[in-house]
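Spelled out from the first residue to the last, the chains are:
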Amino acid sequence: MEVDYMEGARIRRFTDCASLNNGVLMPWLGLGVYKAKEGGEIENALLEAFRLGYRSIDTAACYKNEAGVGKGIKISGIPRDEMFITTKLWNDDHGYEKTLKAFEVSREKLSVSYVDLYLIHWPGKDKYKETWRALEKLYSEGLVRAIGVSNFKKHHLEDIMSDCTIVPAVNQIELHPRLTQKNLLQYCRDKGIHVEAWSPLMRGQIFDDEVIQDLSQHYNKSPAQIILRWNLEHELITIPKTVRTERLQENMDIFDFELTPEDVSRLDGLNQDVRIGPDPDVFLF
């Protein structure tokens with residue numbers, strides 16, 4: 001994996017990577033596979049993504065396609081150390097022992113000896129600290145290269161870090177121009193936690209926004225490319241989901257232009273604190 005990213009530098013190449021707080025390198029742009037169907041759909045999408053140059057794949061136990069991800073990686077013939085695989089623990093498996101068992105199930109489905117990034121998918125009700133201890137054990141045993149969380153608010157992170165051994169490397173959250181989460185983003189940066197955006201395109205619901213359309217015409221880029229470049233300007237790891245070849249190509253063609261600070265601010269101004277997913281404080285099961 002070619003890397004020439006330096007902290008504070010502009011992100012100009014598809015091969016650029018973020019350096020996590022333990023030194024592990026993670027591509028700024030990856031492929032999310034939420035709702036990609038097990039079998040031919042996900043395998044074909046992965047093979048096409050790999051052909052185009054993608055090397056970071058984000059899945060989860062609840063997506064029910066980890067086996068397809070594993071098969072796609074195997075068929076591709078790409079060396080394991082050139083891949084970055086993220087998977088996530090589902091809510092039913094919170095708790096120390098259950099987490100360890102769930103991880104083994106995911107690892108076996110993926111057909112890998114280790115996972116690059118393992119995340120707690122949602123904080124849930126009251127067991128995430130116990131779950132975090134299990135992730136620390138997996139990390140200490142070398143079964144994961146980095147550990148983190150997903151959909152954690154500031155108070156969840158403060159709770160974990162009050163007595164954790166390892167600070168989360170990543171917090172994967174819903175983030176797009178209508179939900180910029182600036183306070184949480186700043187908190188994570190202050191603590192050395194990289195923020196990763198899920199649903200960065202808000203499932204296309206903001207493509208018709210006047211500001212985005214104006215910038216699309218100005219830069220001669222699609223609305224999706226404008227938004228994904230906005231992610232990079234904020235140094236956000238981003239994982240747009242698609243199984244279509246033309247979208248895979250479109251989503252990666254964001255490294256040949258940069259948004260001006262003024263245009264970044266225009267996109268920032270679209271924030272309405274609007275979610276398309278659930279609020280982590282009420283998603284309690």
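First things first, this report covers the structure right here in the doc.

### Digging into unusual backbone geometry
Glycine aside, residues mostly have negative phi, and peptide bonds are mostly found in the trans state.
Reasoning step 1: Although it is not a glycine, M202 sits at a positive phi angle of roughly 50°.
Reasoning step 2: Relative accessible area serves as the criterion here: at 3%, M202 is assigned to the buried category.
Reasoning step 3: In this structure, N220 is a non-glycine residue whose phi angle is positive, near 55°.
Reasoning step 4: Topologically, N220 is positioned in the loop between α7 (210-219) and α8 (223-233).

### Some points on the side chain of E174
Reasoning step 1: For E174, the position within the fold is in strand β8 (residues 170-174).
Reasoning step 2: Among buried Asp, Glu, Lys and Arg side chains, E174 stands out as unpaired, with R275 the closest opposite charge at 4.4 Å.
Reasoning step 3: For E174, the side chain forms a polar contact with the main-chain nitrogen of I276, separated by 2.7 Å.
Reasoning step 4: Apart from residues lying up to four places away in sequence, E174 is in contact with N151, L179, Q181, W198, V274, R275, I276 and G277.

### What to know about the packing of aromatic side chains
Working definition: an aromatic ring pair is given by the centre-to-centre distance plus the angle between the planes.
Reasoning step 1: Scanning the model with the defined rule gives eight aromatic pairs in all.
Reasoning step 2: Relative to F283, the ring of W122 has its centre 4.5 Å away and its plane inclined at 55°; by these criteria the two rings are tilted. Of this pair, W122 sits in the loop between β6 (115-120) and α4 (128-140) while F283 sits in the segment after α10 (261-268), placing them 161 residues apart in sequence.
Reasoning step 3: Aromatic pair Y128 and F152: ring centres 5.5 Å apart, planes at 75°, arrangement edge-to-face. One end of the pair, Y128, is in helix α4; the other, F152, is in the loop between β7 (144-150) and α5 (154-161), and 24 residues separate them in sequence. In terms of burial, Y128 and F152 fall into one category: buried.
Reasoning step 4: If you follow R80 out to its NZ or CZ, it ends over the ring of Y114, 4.0 Å from the centre.

### Looking at the nonpolar core
Reasoning step 1: With 90 residues, the main nonpolar core has V33, Y54, L157 and L267 as its most contacted residues.
Reasoning step 2: Sort the elements by how many residues they give to this core and α8 lands first, with six residues.
Reasoning step 3: When neighbours within four sequence positions are excluded, L267 is seen to be in contact with P177, V211, I212, L215, I226, W230 and L259.

### Thoughts on the environment of M252
Reasoning step 1: Looking at the secondary structure, you find M252 in helix α9 (residues 245-252).
Reasoning step 2: Overall, M252 belongs to the buried group, its relative accessible area being 10%.
Reasoning step 3: Taking the C-alpha atoms as reference, M252 lies 9.9 Å from A49; in sequence the two are 203 residues apart.
Reasoning step 4: Discounting chain neighbours no more than four positions away, the residues touching M252 are F14, L29, L52 and Y54.

### Brief notes about the pairing of strand β9 (residues 194-198)
Reasoning step 1: A large share of β9 lies buried, amounting to five of its five residues.
Reasoning step 2: Handedness of the β8-helix α6 (residues 182-190)-β9 crossover: right-handed.
Reasoning step 3: Looking at chain direction, β9 and strand β10 (residues 237-238) are connected through two bridges and run parallel. Counted as the bridge partner of E196 is I237 from β10.

### What about the pattern of salt bridges?
Reasoning step 1: Scanning the entire structure with this criterion turns up 24 salt bridges.
Reasoning step 2: Between E258 and R10 there is a salt bridge, with its nearest N and O atoms 3.3 Å apart. Here R10 lies in the segment before β1 (17-19) and E258 lies in the loop between α9 and α10, a separation of 248 residues in the sequence.
Reasoning step 3: Here K182 makes a salt bridge to D268, at a shortest N to O gap of 3.6 Å. Of the two residues, K182 is situated in helix α6 and D268 in helix α10; the sequence distance between them amounts to 86 residues.
Reasoning step 4: The partly exposed category is assigned to K182, whose relative accessible area is 48%.
Reasoning step 5: Salt bridges sharing partners connect three or more residues here, namely R10, R12, R229, E233 and E258.

### So, the packing of α8 against α10
Reasoning step 1: Where α8 contacts α10, the axes come no closer than 11 Å and their chain directions differ by 105°. By the criterion of interaxial angle, the relationship of α8 to α10 is roughly perpendicular. Where α8 approaches α10, its residues I226, W230 and E233 are matched on the opposing element by V264, L267 and D268.

### Describing the sheet that holds β8
Reasoning step 1: Strand order in the open sheet formed by eight strands is β3-β4-β5-β6-β7-β8-β9-β10, and the pairing between neighbours is parallel. Looking at which strands have only one partner, the edges of the open sheet turn out to be β3 (31-32) and β10.

Quick notes on the rules
- Residues numbered from 1 in each chain as written.
- Predicted model: local features only at pLDDT ≥ 70, side-chain atom pairs only at ≥ 80, totals over all residues.
- Heavy atoms only, no water.
- Buried < 20%, exposed > 50% of the residue type's maximum accessible area, 1.4 Å probe, protein only.
- Helix = DSSP H or I, 4+ residues; strand = E, 2+ residues; numbered from the N terminus.
- Lys, Arg positive; Asp, Glu negative; His and termini not counted.
- Salt bridge = Lys/Arg side-chain N within 4 Å of Asp/Glu carboxyl O.
- Polar contact = N/O pair within 3.5 Å; in protein donor to acceptor, adjacent residues only side chain to side chain.
- Contact = heavy atoms within 4.5 Å.
- Phe/Tyr/Trp six-rings, centres within 6.5 Å; stacked < 30°, edge-to-face > 60°.
- Lys NZ or Arg CZ within 6 Å of the ring centre and 35° of its normal.
- Core = buried A, V, L, I, M, F, W, Y, C linked by side-chain atoms within 4.5 Å.
- Right-handed = clockwise from strand over helix to strand, strands pointing away.
- Pairing = 2+ DSSP bridges.
- Axes fitted to C-alpha atoms, helices over the stretch in contact; angles between N-to-C directions.
- Parallel < 35°, antiparallel > 145°, perpendicular 65-115°, else oblique.

So yeah, pure geometry; function would need other evidence.
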